[in-house]
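Structural overview
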Amino acid sequence: MKKIVVMLIAVLCLSSLSSNVHANLQQNIKNHLHHYRNLLILIRDYKATNESYLLSGDYDELNTVQLQAAIEVLKLIYDGELDSCCWTGGTPNQYANFASLSTTEVVAGQSTTYTMHSGHIGTFTADDATRYDFVGIEGILLYLRNNINNNVYSGVNTHPDRIKRWELVLAKSLHNIWDDLVWAFSYVDDTLYTHPDITPEFRKHYAFACIVCFGAGFYDTSLLHTKNGNSYTAKPAWHTIYNKLSAATQQWMNTQADNQYPKSSTWNGSAPLQISMGPTFQGVAVSSYGTQNLKARIYPAHCHGATELYKTLDPVAMIRDKGTANDKQAVNMLLPYSHNYTLDVNTFVTNFGVTPFISDMYPVWYGRNIGGAYHNSYKETGIGSLFYNESRDYHSTHSGRWMQLTQWARLTSPEEGTSYPLHGINPIPNESCNKF
């Protein structure tokens, strides 16, 4: 283990040097947004089949004006239309009430003091196991960027292969901004999240980061409004951006002004831009791949009024799928923890519903049926997979491996919080999870 740690530190030094000399952080962020936009265009233009990649939710509900609106906003950001109003200067705005550290600070083992919604003041320190998670994944992303060609999934021009290709491109572009991401360790406060399923092991190894968000991120879209109490008034920059949207998106935005969560906010006819996005990372210091009932790897069951799209980014699986024998051996050596090398990652399936990972939640999720032969299951987090969560729908994730990396986006209600009714946590007044 000591030898592996030394090697990981060496990898970190090389990868940090690589990412620190990039010419322009803002352009690298725009490139990542551009790749994600291309993924959304693919989803919009080619009808999904659940056999291909959509593992939860309904494609007909996903592919509506909300998807087109996200595509349009991401193009405006890439074109520089939000640079003057919403770019935060290279240091991301942070969500309040969360312990937040940049990747560089995590790896350095730094501490942060935070005040949670409960009023509890605490200190979070990135311990060695958490540091190894981030060191390991950066090394793997660097190896992926330098050794796996973007065209590896182009030989068979099928829809799933197109999705896999964009997963590869997204993972590689994420490496270019990895050191600068600010991660919110949003479950570290033991005084608030008391459900036994939210284990200390999970708390240390789960975090999310914002790239474009309302109230956070490299691009902070809340800067388009002035807030007075719970009332929001659009600034001139909001009207400038709104006028650049298509007529269909403008009409939908008008409806969103009265259809936001939480309901306590008043938007005065000018809804926020309906896109928030960034990566989530969940690692865990264990000696092997996860089993189905390993609670340390579980993202707690929750819901929100926003609709949400998750794209799995699994660089280990991508390398094992398309890399050479030397590629695979190199990645094996980069893993921060030992694991079962004989496991065939392409056939490994985490079958939700067999084991009640979170009490009372998964049997309900697994048994639901919102149409279609594949809609009532939630079975794997392999390469190519997409998870679409409808409004107020219970959802959760499970890595099934030693780490889980995803690219998420909220497509509606970006100002809303998250509800955890199964854990006795409901920060949204008069709102609850109500779809099964």
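Residues numbered from 1 in each chain as written. Predicted model: local features only at pLDDT ≥ 70, side-chain atom pairs only at ≥ 80, totals over all residues. Heavy atoms only, no water.

Let us now look at the pairing of strand β3 (residues 121-125). Here β3 shows one buried face, formed by G122 and F124, and one open face, formed by I121, T123 and T125. For strand β2 (residues 111-115) and β3, the ladder comprises five bridges, and the chain directions are antiparallel. Counterpart to Y114 in the pairing with β3 is G122. (Buried < 20%, exposed > 50% of the residue type's maximum accessible area, 1.4 Å probe, protein only. Helix = DSSP H or I, 4+ residues; strand = E, 2+ residues; numbered from the N terminus. Pairing = 2+ DSSP bridges.)

Let us now look at the pattern of salt bridges. Following the criterion strictly, the structure yields nine salt bridges and no others. A salt bridge links K75 to D79; its shortest N-O distance comes to 2.6 Å. Of the charged contacts in the structure, one is a salt bridge between K244 and E81, with a shortest N-O distance of 3.7 Å. In this pair, K244 sits in the loop between α10 (236-242) and α11 (247-256) while E81 sits in the loop between α4 (65-78) and α5 (83-86), placing the two residues 163 residues apart along the sequence. Under the relative-accessibility criterion, K244 is labelled partly exposed at 42%. Through salt bridges that share partners, E308, R410 and E416 make up one connected network. (Salt bridge = Lys/Arg side-chain N within 4 Å of Asp/Glu carboxyl O.)

Let us look at the nonpolar core. Soluble, globular proteins show a tendency: their nonpolar side chains are buried together. Core analysis: the biggest nonpolar cluster contains 103 residues, and I43 and F185 have the highest contact counts within it. Among the elements that line this core, the one with the most residues is helix α2 (residues 25-45), at nine residues. Those residues in contact with F185 that lie beyond four places of it in its chain are A99, L101, V106, F124, T130, F134, R203, K204, Y206 and A207. (Core = buried A, V, L, I, M, F, W, Y, C linked by side-chain atoms within 4.5 Å. Contact = heavy atoms within 4.5 Å.)

Going through the model one piece at a time under the given rule, you end up with four cavities of 30 Å³ or more. The computed volume of the largest cavity comes to approximately 80 Å³. Taken together, 13 residues line the largest cavity, and the ones lying closest to its centre are N93, Q94, Y95, V182 and C210. Secondary structure elements with two or more residues in the lining of the largest cavity: β4 (182-185) and β5 (206-209). When residues of the lining of the largest cavity are assigned to their parent elements, the largest contribution, three residues, is made by β4. (1 Å grid on protein atoms, 1.4 Å probe; cavity = no way out; pocket = protein on both sides within 12 Å on 5 of 7 lines; lining within 4 Å. Points joined across faces, edges and corners; volume = space filled by probe spheres on them.)

Our focus in this paragraph is the side chain of Q407. Residue position: Q407 is located in strand β15 (residues 403-410). Apart from the residues lying within four places of it in its own chain, the contact partners of Q407 are H32, Y36, M277, G278, P279, L309, Y310, K311 and L313.

What follows covers the environment of T324. Along the chain, T324 falls in the loop between α12 (315-322) and α13 (325-334). Counting along the chain gives 177 residues from T324 to N147, while the straight-line C-alpha distance between them is 9.4 Å.

Most of β15 is tucked away: eight of the eight residues are buried. A two-sided burial pattern is seen for β15, the buried positions comprising M403, L405, Q407 and A409 on one face and Q404, T406, W408 and R410 on the other. Pairing analysis gives eight bridges linking strand β10 (residues 276-283) to β15, with the strands arranged antiparallel. Each residue of the ladder has a partner; that of T280, found in β15, is T406. As paired strands, strand β12 (residues 308-312) and β15 are joined by five bridges and run antiparallel to one another. Paired with K311 across the two strands is Q407, which belongs to β15.

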